[in-house]
Structures are given as structure tokens and as C-alpha cells.
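Single-letter residue listing:
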Amino acid sequence: MEYYSYSPEETFEFAKQMGEEALSGEVFCLDGDLGVGKTLFSQGFAKGLGICDYVNSPTFTIVQEYHDGRLPLYHFDVYRIEDSEEMEEVGFSDMIYGDGVCLIEWSNIISDILPETRVTITIEKDLEKGFDYRLIRVERN
């Protein structure tokens, strides 16, 4: 599926809808270059789960947990991970196979340990179509 967003608000609303539809145990992999809006997408997704806390990218902590929504959200940013084995230090297996929802920014870095069943979201810019334009591809594996 492809979605075309022409503003940060549209991207946020699309992500919010995905969060509203997310099910327990689902894994969402969020990829795209720096500055495409992965954090904004994560904020909308969390809002869709009913999370009221401020959501930012957990670049230095690797994972942020949110438990105030209809399902727990485990928000990963693995940009600084050098080896997939580092993920076990933060309890990755327990979270990925738990009852919450996992949202993983830069998931391509740890592709070797991701479950086969997942939703991959790729966000791309195209400056020829406008500064705020984003192509959001959603693929269910």
C-alpha cells in the first residue's frame, strides 16, 4: 500500500490511524533517511494507541516504553546499534514477542533478528513534489 502525504499533519494522521488499528503482538518497522519524519510518524502512531506522554526518538536509550495507552508501546531507535546482539541488553526478545506493540526506527540495521511477520513502513521524500511531500509505503510480511 502507498500513501501520499503533503504535510506533517497528514503524516501524523495517517500514523495515528495505523496506531488505532494496531493489534497486540504486532511489530512495525519504520525506515527512511534522516529527516523524513520517522519521529513525527512515531508520535502519531502513539497517539493512535491512546498514549498521552510526549514521544521522542529514543536514539540514546535505544527503547522507550509507554504503558498509558490501550496497548503497551515499545518504541525502539536502533540507529546507534553496531551489532544485533546488543538488542538483548535492552530486553528486545521479551518486548518483540510480548503483548504490546513494537515500533522500530531504523529496523534495517537489525533485520537479522526481526520476526518474519511484521509491518514494514518506509518513508521517502521527493523535493520535486514539495518540501513536505512524503511517500509512505506499507508492506505486511
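Because the structure is predicted, anything quoted here is derived from the model rather than measured.

Caption draft 1: Expanded view of the sheet that holds strand β4 (residues 73–77). The strand order β1-β7-β6-β2-β5-β4-β3 describes an open sheet built from 7 strands, whose pairing is mixed. The strands lining the two open edges of the sheet, one partner per strand, are β1 (2–5) and β3 (63–66). Going across the sheet, the axis of each strand differs from the next one's by a mean of 15°, ignoring polarity. As defined by bridge partners, strand β6 (residues 119–125) adjoins strand β7 (residues 134–140) across 7 bridges and the pair is classed as antiparallel. Across the sheet, Glu 124 pairs through a bridge with Leu 135, a residue of β7. Its contacts with the sheet put helix α2 (residues 38–48) on β2 (27–31), β4, β5 (101–105), β6 and β7, and the angle it makes with β5 is roughly 170°.

Caption draft 2: Structural context of unusual backbone geometry. A positive phi angle is found at Ile 62, which is not glycine, with a value near 75°. Of note, Ile 62 is situated in the loop between α2 and β3. According to the relative accessible area criterion, Ile 62 is buried, its value standing at 17%. The phi dihedral of Trp 106 falls on the positive side, at around 65°, and the residue is not glycine.

Rules of the game
- Residues numbered from 1 in each chain as written.
- Predicted model: local features only at pLDDT ≥ 70, side-chain atom pairs only at ≥ 80, totals over all residues.
- Heavy atoms only, no water.
- Pairing = 2+ DSSP bridges.
- Helix = DSSP H or I, 4+ residues; strand = E, 2+ residues; numbered from the N terminus.
- Axes fitted to C-alpha atoms, helices over the stretch in contact; angles between N-to-C directions.
- Contact = heavy atoms within 4.5 Å.
- Buried < 20%, exposed > 50% of the residue type's maximum accessible area, 1.4 Å probe, protein only.

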